[in-house]
Structures are given as C-alpha cells and as structure tokens.
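Structure assessment
Below, each chain spelled out in residue letters.
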Amino acid sequence: MSVCVTAGSYCPRRARVLSGDMKELEEDRTYHLRENVTGAGNGECSFCFRFGEREAEFFFGVRDEDVISPFQEDNEDLWQGDAVEVFLSPDGNPEHYFELEVSPFGVRFWGEVTFAEGKKRLKKLPPPFEAEVSRTKEGYAVQIKLPLAAMQGYDRTAVMLNAFRLDKKADGRQELYALNPTECATFHKPKYFIKVQEKV
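Keep in mind the model is a prediction, meaning the values are calculated, not measured. (Residues numbered from 1 in each chain as written. Predicted model: local features only at pLDDT ≥ 70, side-chain atom pairs only at ≥ 80, totals over all residues. Heavy atoms only, no water.)

A look at the nonpolar core
To keep things clear, this is the line we draw: Residues enter a nonpolar core if they are buried and are Ala, Val, Leu, Ile, Met, Phe, Trp, Tyr or Cys, with the set joined through side-chain atoms within 4.5 Å. Think of it in three bands: with a 1.4 Å probe and only protein chains considered, a residue is buried below 20% of the maximum accessible area for its type, exposed above 50%, and partly exposed in between. Each helix is a run of DSSP H or I of at least 4 residues and each strand a run of E of at least 2, with the numbering of both proceeding from the N terminus. Contacts are residue-level and defined by heavy atoms, with any inter-residue pair within 4.5 Å sufficient.
Membership of the largest hydrophobic core comes to 33 residues, with the highest contact counts inside it found for Phe47, Phe49, Phe51, Phe58, Phe60, Leu100 and Leu161. Of all the secondary structure elements, the ones that give two or more residues to this core are strand S3 (29-35), strand S4 (41-51), strand S5 (55-63), strand S6 (83-89), strand S7 (96-102), strand S11 (139-147), strand S12 (160-168) and strand S14 (194-196). Not counting chain neighbours up to four residues away, the residues in contact with leucine 161 comprise Leu25, Phe47, Phe49, Phe51, Phe58, Val86, Phe87, Leu88, Leu179, Phe193, Ile194 and Val196. Leu78, Phe87, Ala178 and Phe187 belong to the second largest nonpolar core, which has 14 residues in total.

Okay, here's the thing in structure tokens:
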C-alpha cells in the first residue's frame, strides 16, 4: 500500500516512481511525481488513475504546508497558484490534447490544446468533469471523474497522458512536479506523454 497522503487509498497497488525506461503506465498503481526540471523526487505528490467503460478517474494526494490559490471561477488561470493537472492525448496524437486542472479548493479548468506550425493554441471550454477536493492533515486530496465522451477521438488503445502538480510558495516562487518530467520550465511538451497500458 502507498503511504503517500491519500492517493494510495484509491489505488492500492504499491507506489513507484516512474523510471526513464518505462514505456507504459499501469492503471490502479500509485506513482510519485518528481521535480520537473531535475527529476528529483520528494514524495510530496502521489497520482493514480483508471479508465472505465464510461469515465476516467484520476486521484492526487498532495502534501502542502501553504495552500495558495486565489481563484474562485472555473477556467481562471489556475496554474498561477497551487493546482494539479492532467494532460490527455485521447488518440496518441501529440499535437492535440486536453488540459485538465483542479485547484485545492475544487475550482476546475478544461482546455483543448492544438499545435500548428510549432505554435501552441489553447481553447478554453466548459469543464465536463467532476472534481472532489478534501483537506488532509498534510495538504489536500483530489478525485476527478471525466466522462470519456468529453475527449473527442478517444481511443483506449492509444490514449496517452502526463500528470503534474504546481506548488506556489508563500514567497512567490512556484515549484513544478511531473509524473514524467519535461526537463524544462513548461509542462507543454507532448513528447513526454506516456501511453496507458492496455487492459488484458
């Protein structure tokens, strides 16, 4: 069982850190996010997921002493404060994916990202998913339920993702963490998405 905050209670399989040679993600396994530039781990954020017949579920457990997020309306720029994120390519195409975010107070963000001639375009859309956030002794826990129908072109055999945490500090700094670190100051690097293992 994972001992990292609460994601392990949703996904009981033993926790692990994603290694560089891992080509596929396993459902119902708890992973620990790492610092996005250096790849260093600190065990402060756990993540797990599962894809069902009609919806995908994502779970984060976050250890955070100073929760900072001033946002109150869906589709505000949540990434400027504390938040968790999942980027999802529904059919494995790295030039088209969805960006899902949740603040520690349950405010949601949903956008469709496309690349054309090397330029990123983000289209904000009404969030189609439910998000439940609870405060814990060490920080907060997030459970997300996303209807698969919300991802145009969804193909269970090809879907890819990456997961992230933004940690805003009281002194104004922001630290970035990722399931598969992009090794730079942005999460928008689709080449770091990882295929979700097919169900047997």
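Let us keep going from here.
A short note on the environment of tyrosine 154
Mapping tyrosine 154 onto the fold places it in the loop between S11 and S12. Residue tyrosine 154 is classed as partly exposed on the basis of its relative accessible area, which comes to 23%. Not counting the four nearest positions on each side in its chain, tyrosine 154 is found in contact with Phe51, Pro90, Leu148 and Val159.

Considerations on the packing of aromatic side chains
This is how it is decided: A pair of Phe, Tyr and Trp rings is counted when the ring centres sit within 6.5 Å of each other, with Trp represented by its six-membered ring. The angle between the planes then sorts it: under 30 degrees is stacked, over 60 is edge-to-face, the rest tilted.
With the rule as written, the count across this model stands at 15 aromatic pairs. Taken together, a centroid distance of 5.9 Å and an interplanar angle of 25° make the contact between phenylalanine 47 and phenylalanine 49 stacked. Each member of the pair, phenylalanine 47 together with phenylalanine 49, is buried. Put simply, the rings of Phe47, Phe49, Phe51, Phe58, Phe60 and Tyr154 pair up and form one aromatic cluster.

Thoughts on the layout of surface pockets
For clarity, the threshold we go by: Cavities and pockets are defined on a 1 Å grid built over the protein atoms alone: a cavity is a set of grid points where a 1.4 Å probe fits but cannot escape, while a pocket is an open set with protein on both sides within 12 Å along at least five of seven lines, and lining residues are those with an atom within 4 Å of any such point. Grid points are joined across faces, edges and corners, and a volume is the space filled by probe spheres set on the points. Amino acids are sorted into nonpolar (Ala, Val, Leu, Ile, Met, Phe, Trp, Tyr, Cys and Pro), charged (Asp, Glu, Lys and Arg) and polar (every other residue, Gly among them).
Approximately 180 Å³ is the volume attributed to the largest pocket. Along its surface, the largest pocket is lined by 14 residues, and Trp79, Glu85, Glu99, Phe187 and His188 are the ones closest to its centre. Among the secondary structure elements, those contributing two or more residues to the lining of the largest pocket are S6, S7, strand S9 (119-124) and strand S13 (174-178). Looking at the lining of the largest pocket, its residues break down into 7 nonpolar, 3 polar and 4 charged.

Points about the pairing of strand S8 (residues 108-116)
Put simply, the rule reads: Here the rule is simple: two strands pair whenever DSSP picks up at least two bridges between them.
Bridge analysis of S7 against S8 gives 7 bridges, and the strand direction is antiparallel. Counted as the bridge partner of glutamate 99 is glycine 111 from S8. Between S7 and the antiparallel strand that follows it, S8, lie 5 residues; glycine 106 among them carries a positive phi value of about 85°. Note that S8 and S9 share 6 bridges and pair antiparallel.

Some points on the pattern of salt bridges
Rules: One speaks of a salt bridge when a side-chain nitrogen belonging to Lys or Arg is within 4 Å of a carboxyl oxygen belonging to Asp or Glu.
The final tally for this structure, using the stated rule, is 13 salt bridges. A salt bridge links glutamate 175 to arginine 173; the nearest nitrogen and oxygen atoms lie 3.0 Å apart. Residues participating in the shared-partner salt-bridge network are Glu44, Asp64, Arg165, Asp167 and Lys169.

So, the side chain of arginine 29
Convention followed: For the purposes of these results, a polar contact is taken to be a pair of N or O atoms within 3.5 Å, where, inside protein, one atom must be able to donate a hydrogen and its partner to accept one; residues adjacent in sequence count only when each atom of the pair is a side-chain atom.
Assignment of secondary structure puts arginine 29 in strand S3. A distance of 3.4 Å separates polar atoms of two side chains, one belonging to arginine 29 and the other to glutamate 26.

Let's talk about the pairing of S6
Across the 7 residues that make up S6, a large majority, 7, are buried. Here S6 shows a buried face lined by Ala83, Glu85, Phe87 and Ser89 and a second buried face lined by Val84, Val86 and Leu88. Bridge analysis of S6 against S12 gives 7 bridges, and the strand direction is antiparallel. Looking at S12, one finds that leucine 88 is bridged to leucine 161. Across 5 bridges, the pairing between S6 and S7 is antiparallel. Within the sheet, the bridge partner assigned to valine 84 lies in S7 and is valine 102. Where S6 folds back onto S7 in an antiparallel hairpin, the turn is made up of 6 residues, including glycine 92, whose phi is positive at roughly 85°.

In short, the description is geometric, and any link to function would need to be established separately.
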